[in-house]
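Each chain, letter by letter, is given below.
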Amino acid sequence: MSKREANKLANQTAIQDAALKVFCELGYDAASISDIVNASSLSVGTFYNYYGDKESLLALLVDKILGQTRTALHQARSTA
């Protein structure tokens, strides 16, 4: 992985982690992009480089969490 790819992944992870934290603390409706950016320590421009809006970020997080849940359920069933 190149340094640029690693930085991109680190930025996306920081934004996603910050968004999850902010959504849990404030609730989705009350959370703003500024709240997410402040929690991530990145810039607003960086946020918009990766995500068009708060809704698309939420959709990505939901898909990611559902995927992790499906994997965990599958593993639990296969070892039960």
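## Things to note about the side chain of S40
Next, step 1: Tracing the backbone through its elements, the reader meets S40 in helix α2 (residues 33–40).
Next, step 2: A distance of 3.2 Å separates a polar atom in the side chain of S40 from the backbone nitrogen of L42.
Next, step 3: Ignoring any residue separated from it by four or fewer positions in sequence, one finds S40 in contact with A14, I15 and A18.

## Some points on unusual backbone geometry
Next, step 1: Not every positive phi belongs to a glycine, and S41 is a case in point at roughly 65°.
Next, step 2: Inspection of the secondary structure puts S41 in the loop between α2 and α3 (44–50).
Next, step 3: With relative accessibility at 67%, the residue S41 sits in the exposed group.

## A word on the packing of helix α1 (residues 3–26) against α2
The relative placement of two packed helices comes down to the angle between their axes together with the axis-to-axis distance.
Next, step 1: Following both chains from N to C, one finds α1 and α2 inclined at 125°, their axes separated by 8 Å at the closest point. Classified by the angle their axes make, α1 and α2 are oblique. Classified by chirality, the crossing of α2 by α1 is right-handed. Of α2, the residues touching α1 (which contributes A14, I15, A18, A19, V22, F23 and L26) are D35, I36, A39 and S40.
Next, step 2: Grouping the constituent residues of the contact of α1 with α2 by class yields 9 nonpolar, 1 polar and 1 charged.

## Structural notes on α2
Next, step 1: Taken as a whole, α2 has its buried residues at I33, I36, V37 and S40. With its buried residues spanning 95° around the axis, α2 presents them on a single face.
Next, step 2: Packed against the buried residues of α2 are α1, α3 and α4 (54–79).
Next, step 3: After α2 finishes, the residue S41 shows a positive phi value of roughly 65°.

## Observations concerning the environment of T13
Next, step 1: Looking at the element boundaries, T13 is found in helix α1.
Next, step 2: Overall, the relative accessible area of 34% leaves T13 in the partly exposed class.
Next, step 3: Note: C-alpha distance between T13 and S40 (27 residues apart in sequence) is 9.2 Å.

Calculation criteria
- Residues numbered from 1 in each chain as written.
- Predicted model: local features only at pLDDT ≥ 70, side-chain atom pairs only at ≥ 80, totals over all residues.
- Heavy atoms only, no water.
- Helix = DSSP H or I, 4+ residues; strand = E, 2+ residues; numbered from the N terminus.
- Polar contact = N/O pair within 3.5 Å; in protein donor to acceptor, adjacent residues only side chain to side chain.
- Contact = heavy atoms within 4.5 Å.
- Buried < 20%, exposed > 50% of the residue type's maximum accessible area, 1.4 Å probe, protein only.
- Axes fitted to C-alpha atoms, helices over the stretch in contact; angles between N-to-C directions.
- Parallel < 35°, antiparallel > 145°, perpendicular 65-115°, else oblique.
- Left-handed = near helix turned anticlockwise from the far one by under 90°.
- Nonpolar A, V, L, I, M, F, W, Y, C, P; charged D, E, K, R; others polar.
- Arc of directions from axis to C-beta.

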